[in-house]
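In case you want the letters, here they are:
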Amino acid sequence: MSRLSGRVAIVTGAGRGIGRAYARRLAAEGARVVIAEIQFTNAQRVAEEIAAAGGQALALHTNVADWESVRQMAEQTVARFGRIDILVNNAAIMDVKPWDQWTSEEWDAIFSVNVKGLYYCIKAVVPYMRQQGKGKIINIASAVFFHGQPYCLPYAVSKAAVIGLTRSLARELGEYNICVNAVAPGLTETERIRELFPEGADFLVPFQCFKRQEQPEDLVGTVAFLASDDSDFLTGQTICVDGGWMMH
Ligand SMILES: NC(=O)c1ccc[n+]([C@@H]2O[C@H](COP(=O)([O-])OP(=O)(O)OC[C@H]3O[C@@H](n4cnc5c(N)ncnc54)[C@H](O)[C@@H]3O)[C@@H](O)[C@H]2O)c1
């Protein structure tokens, strides 16, 4: 597997969960990978895992909600690996409670990371992609937007914004040969989901076509495809990878 050899990918929030799986798969396909993560120890651990498997990775302490931190992320990536070809905008925060219990601070925190953070990362990498004449931006949305999921209002609205960002930027960046697409996972078994639903989170399985709980590895092939030349004429799209829960 060397579909991505010579390419450099940044995966935000790749210190654990699905982001970790994206980073490991992109590295396995030959990309040099930057783990841009607010939990630096986790980022270092994933970079070590990739190195142990024969890949190349750089762990960076990055807060996607902070422009200066994101600017340094792009600068340090280029200083180390010389280019930026792929951005996987995966970092996000999610929580659950009834619709009328969200505070102003919680709305701001979720939007700072889940929406503005994606914009900052795109703004920081696009100048390098333009110079190179090509780029791949993959924004992680969520199938909850299509379903209209209760009990996670600011999160669901932030993921709607991710799809809006994807469509509008696909139009603005197409002239530079930069693809902007989104992936919408279904309810996927990760550390965060286990924290939110300690009693188990397989309650959507009956509504999926595939009757088992989604795993991070179920998502990586689609992201690797969107990162590769195989998707060069695909932009502005949102692909639901959710075992057939949503069909839109
Ligand atoms: N797990 C699911 O069921 C599910 C479903 C749909 C969409 N998603 C999306 O997939 C992505 C990954 O989900 P996950 O379950 O692996 O979540 P997770 O909480 O395990 O991982 C998110 C990562 O982002 C990092 N992060 C948070 N804030 C950050 C910041 N300001 N700067 C940099 N890094 C930051 C966290 O430290 C963490 O490592 C998210 O975008 C999430 O919304 C997940």
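First things first, this report covers the structure right here in the doc. All of these numbers come straight from a predicted model, not from anything done at the bench.

Cut-offs and rules
- Residues numbered from 1 in each chain as written.
- Predicted model: local features only at pLDDT ≥ 70, side-chain atom pairs only at ≥ 80, totals over all residues.
- Heavy atoms only, no water.
- Helix = DSSP H or I, 4+ residues; strand = E, 2+ residues; numbered from the N terminus.
- Rg over C-alpha atoms; globule rule 2.2 N^0.38 Å.
- Buried < 20%, exposed > 50% of the residue type's maximum accessible area, 1.4 Å probe, protein only.
- Areas by Shrake-Rupley, 256 points an atom, 1.4 Å probe, with all protein chains shown as cover.
- Lys, Arg positive; Asp, Glu negative; His and termini not counted.
- Charge placed at Lys NZ, Arg CZ, Asp CG, Glu CD.
- Patch = residues over 30% accessible without salt bridge, like charges linked within 9 Å, V, L, I, M, F, W, Y side chains within 5 Å.
- Salt bridge = Lys/Arg side-chain N within 4 Å of Asp/Glu carboxyl O.
- Phe/Tyr/Trp six-rings, centres within 6.5 Å; stacked < 30°, edge-to-face > 60°.
- Lys NZ or Arg CZ within 6 Å of the ring centre and 35° of its normal.
- Pairing = 2+ DSSP bridges.
- Axes fitted to C-alpha atoms, helices over the stretch in contact; angles between N-to-C directions.
- Contact = heavy atoms within 4.5 Å.
- Core = buried A, V, L, I, M, F, W, Y, C linked by side-chain atoms within 4.5 Å.
- Right-handed = clockwise from strand over helix to strand, strands pointing away.

Looking at the overall build of the protein
For the protein, the count of helices and strands is eight helices and seven strands. Taking 248 residues into account, the globule formula puts the C-alpha radius of gyration at 18 Å, and the protein, at 17 Å, falls close to it. Projecting the C-alpha coordinates of the protein onto the three principal axes gives extents of approximately 45 × 35 × 35 Å. Per-residue burial for the protein yields a buried fraction of 51% across its 248 residues. On the protein, roughly 11,400 Å² of surface is accessible, and the fraction owed to carbon and sulfur atoms is 52%. Charged side chains of the protein number 24 positive and 27 negative; the gap between the two group centres comes to 6 Å.

Comments concerning a nonpolar patch on the surface
Side chains of Trp 99, Leu 153 and Val 157 sit close together on the surface and give an oily, nonpolar patch of about 310 Å² of accessible area. Position of Leu 153 relative to the elements: it lies in helix H6 (residues 153-173). Classification of Leu 153 by relative accessible area gives partly exposed; the value is 34%.

Things to note about the packing of aromatic side chains
Counted by the stated rule, this structure contains five aromatic pairs. A centroid spacing of 6.3 Å and a plane angle of 40° characterise the contact between Tyr 119 and Tyr 120, whose relative ring orientation is tilted. Taken together, the ring pairs connect Trp 67, Tyr 119 and Tyr 120 into an aromatic cluster. Against the face of Trp 102 rests Lys 97, its NZ or CZ located 5.2 Å from the ring centre.

Considering the sheet that holds strand S7 (residues 238-241)
Within the open sheet, the seven strands sit side by side as S3-S2-S1-S4-S5-S6-S7. Their pairing is parallel. Each edge of the sheet is formed by a strand with only one pairing partner; in this case those strands are strand S3 (57-61) and S7. The sheet shows a mean angle of 20° between the axes of neighbouring strands, direction not considered. Bridge count between strand S5 (residues 135-140) and strand S6 (residues 178-185): six bridges; the pairing is parallel. Bridge pairing in S6 links Lys 136 to Cys 179. Strand contacts of helix H1 (residues 17-28): strand S1 (8-12), strand S2 (32-37), strand S4 (86-89), S5 and S6, with the helix running at about 170° to S1, the strand carrying the most contacts.

Side note on unusual backbone geometry
With phi around 75°, Tyr 151 is a residue other than glycine that occupies positive phi space. Mapping Tyr 151 onto the fold places it in the loop between helix H5 (144-147) and H6. Given a relative accessible area of 53%, Tyr 151 falls into the exposed group. One non-glycine residue with positive phi stands out, namely Asn 177, at about 65°. Looking at the secondary structure, you find Asn 177 in the loop between H6 and S6. Looking at Asn 177, the relative accessible area reads 41%, which means it is partly exposed.

Remarks on the nonpolar core
By size, the foremost hydrophobic cluster in this structure holds 45 residues, and its most contacted members are Ile 10, Leu 87, Ile 122, Ile 137 and Leu 173. Mapped onto this core, the elements with two or more residues apiece are S1, S2, S3, helix H3 (67-81), helix H4 (104-132), H6, S6 and helix H7 (191-196). For this core, the leading source of residues is H4, giving nine residues. If we skip the residues at most four places from it in the chain, Ile 137 touches Leu 87, Ile 122, Val 126, Met 129, Leu 173, Ile 178, Cys 179, Val 180 and Asn 181. Judged by nonpolar contacts, the second largest core, of 31 residues, contains Ala 47, Ile 50, Val 88 and Val 223.

Examining the side chain of Asn 90
Mapped onto the secondary structure, Asn 90 falls in the loop between S4 and H4. Judged by its relative accessible area of 13%, Asn 90 is buried. Setting aside residues up to four positions removed in sequence, Asn 90 forms contacts with Val 11, Thr 12, Gly 13, Gly 19, Tyr 22 and Ile 140.

What about the pairing of S4?
A regular strand carries its side chains on alternate faces of the sheet. Of the two faces of S4, both are covered, the one formed by Ile 86 and Val 88 as well as the one formed by Leu 87 and Asn 89. Note that S1 and S4 share three bridges and pair parallel. Across the sheet, residue Ile 10 finds its bridge partner in S4, namely Leu 87. As paired strands, S4 and S5 are joined by four bridges and run parallel to one another. When the bridges of S5 are listed, Ile 86 appears paired with Lys 136. The handedness of the S4 to S5 crossover, carried by H4, is right-handed.

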